[in-house]
Amino acid sequence: MLRLGVNIDHVATIRNARGTPWPDPLRAARLAEEAGADGITAHLREDRRHISDADIDALMANLTLPLNLEMAATAEMQAIALRHRPHAVCIVPEKREERTTEGGLDVAGNEAMLADYIAPLREAGCRVSLFIGHDPAQIEAAARIGAAVVELHTGAYCDLDTEGRLAQRDAELAGLTRGAALADSLGLEVHAGHGLTFDTVGPIAAIPQVRELNIGHFLIAESVFTGLGEAIREMRRCMDGAR
Ligand code: PXP
C-alpha cells in the first residue's frame, strides 16, 4: 500500500496573501482526509511564510490523521517538535531566499550534528525522516545516524519532464530507483516527494520500495479547478494505477 501525504502549505500561502482567516489549512486537512489522504504534511518555515505556529497547534489538536512536520534543523524547530510530538518529523534544508526546498539535506557532511539533533526527536517517539537526494553517500549516512525514514527528492526528476530532456529524466529516475532499493536494504523506510503532478507521479509510485509520497503544490493548484477532494482522488488513482 502506497500512502499519500497531502502537503497543505499552499493553502496557508493563499490565506497569507490577504491576511484573512481563509482558506483554513485545518479545513483543507479534514477535506484531504475525507478524500483518502493517509497523512497531512506541513512545513513550518523559519520565516513563517505559509504555515504558522497557530496552524501547527490547530492541526495537532484537531487532526485524526498523522502529521508529518517538515522543518529545518534549528534549535527553535526542535523545541517546537518536542512540544508537539507529531507522528513524523521530516528534516529539510532551508534557505530564506529560495522559493521552495530546492535541494536535499547534506547528511554525509553534517553527520555528527544531525545525529545529535535527531536523537531527542527519536526519544520523544517521532519518526525522523531526512529529505535527501538519491546519492548513496547520503542514504548510507542517513542509515548510520538512525533515521527511520528517508524522503527522496523528486524535484530534479519532475523538472526534467519536458521534451528534449527525457534522457536526463530517465537517468534521474534510475538514480531514484537505485536509491530507494539501497535505502530499503539498509532498513530505512522510503518516501518520495517534491514537484509531483498527475503526469510525473506514475514512475515514482511504481518504485516498489517507496511507501509514501508527499504532494502539495500541484494538488492545491489543481483544486482551484476541480476542488481539493477531486484532485486528491485523481492523484490516488494515478498512484494506484502505477503500482
Ligand atoms: N516533501 C518535502 C520534504 C518538501 O519540502 C515538499 C515541499 O514543501 C514536498 C514534499 C512537497 O512538494 P510539492 O509542494 O512540490 O508537492
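On a predicted model such as this, the values are computed, not experimentally measured, just so you know.

**Re the pattern of salt bridges**
Throughout the structure, instances matching the rule amount to 15 salt bridges. For R3, the salt bridge identified is with E189, shortest N-O distance 2.6 Å. Residue R3 is found in strand 1 (residues 3–7), and its partner E189 is found in strand 7 (residues 189–193); the two are separated by 186 residues along the sequence. Relative accessible area serves as the criterion here: at 28%, R3 is assigned to the partly exposed category. Residue E189 is classed as buried on the basis of its relative accessible area of 15%. Taking the shortest distance from any N to any O, the salt bridge between E212 and R3 comes out at 3.1 Å. A residue pair is termed long-range when its members are at least 10 positions apart, and E212 in strand 8 (residues 210–215) and R3 in strand 1 qualify at 209 residues. Residues participating in the shared-partner salt-bridge network are R3, R127, E189 and E212.

**Observations concerning the packing of aromatic side chains**
Summed over the entire model, instances satisfying the criterion amount to one aromatic pair. Ring geometry for F198 against F218: centres 4.8 Å apart, planes inclined by 80°, an arrangement best described as edge-to-face. On the criterion of sequence distance, the pair formed by F198 in the loop between strand 7 and helix 9 (201–205) and F218 in helix 10 (residues 217–226) is long-range, its members being 20 residues apart. Given the relative accessible area of 21%, F218 is considered partly exposed.

Quick notes on the rules
- Residues numbered from 1 in each chain as written.
- Predicted model: local features only at pLDDT ≥ 70, side-chain atom pairs only at ≥ 80, totals over all residues.
- Heavy atoms only, no water.
- Salt bridge = Lys/Arg side-chain N within 4 Å of Asp/Glu carboxyl O.
- Helix = DSSP H or I, 4+ residues; strand = E, 2+ residues; numbered from the N terminus.
- Buried < 20%, exposed > 50% of the residue type's maximum accessible area, 1.4 Å probe, protein only.
- Phe/Tyr/Trp six-rings, centres within 6.5 Å; stacked < 30°, edge-to-face > 60°.

Distances and angles like these do not, on their own, reveal function.
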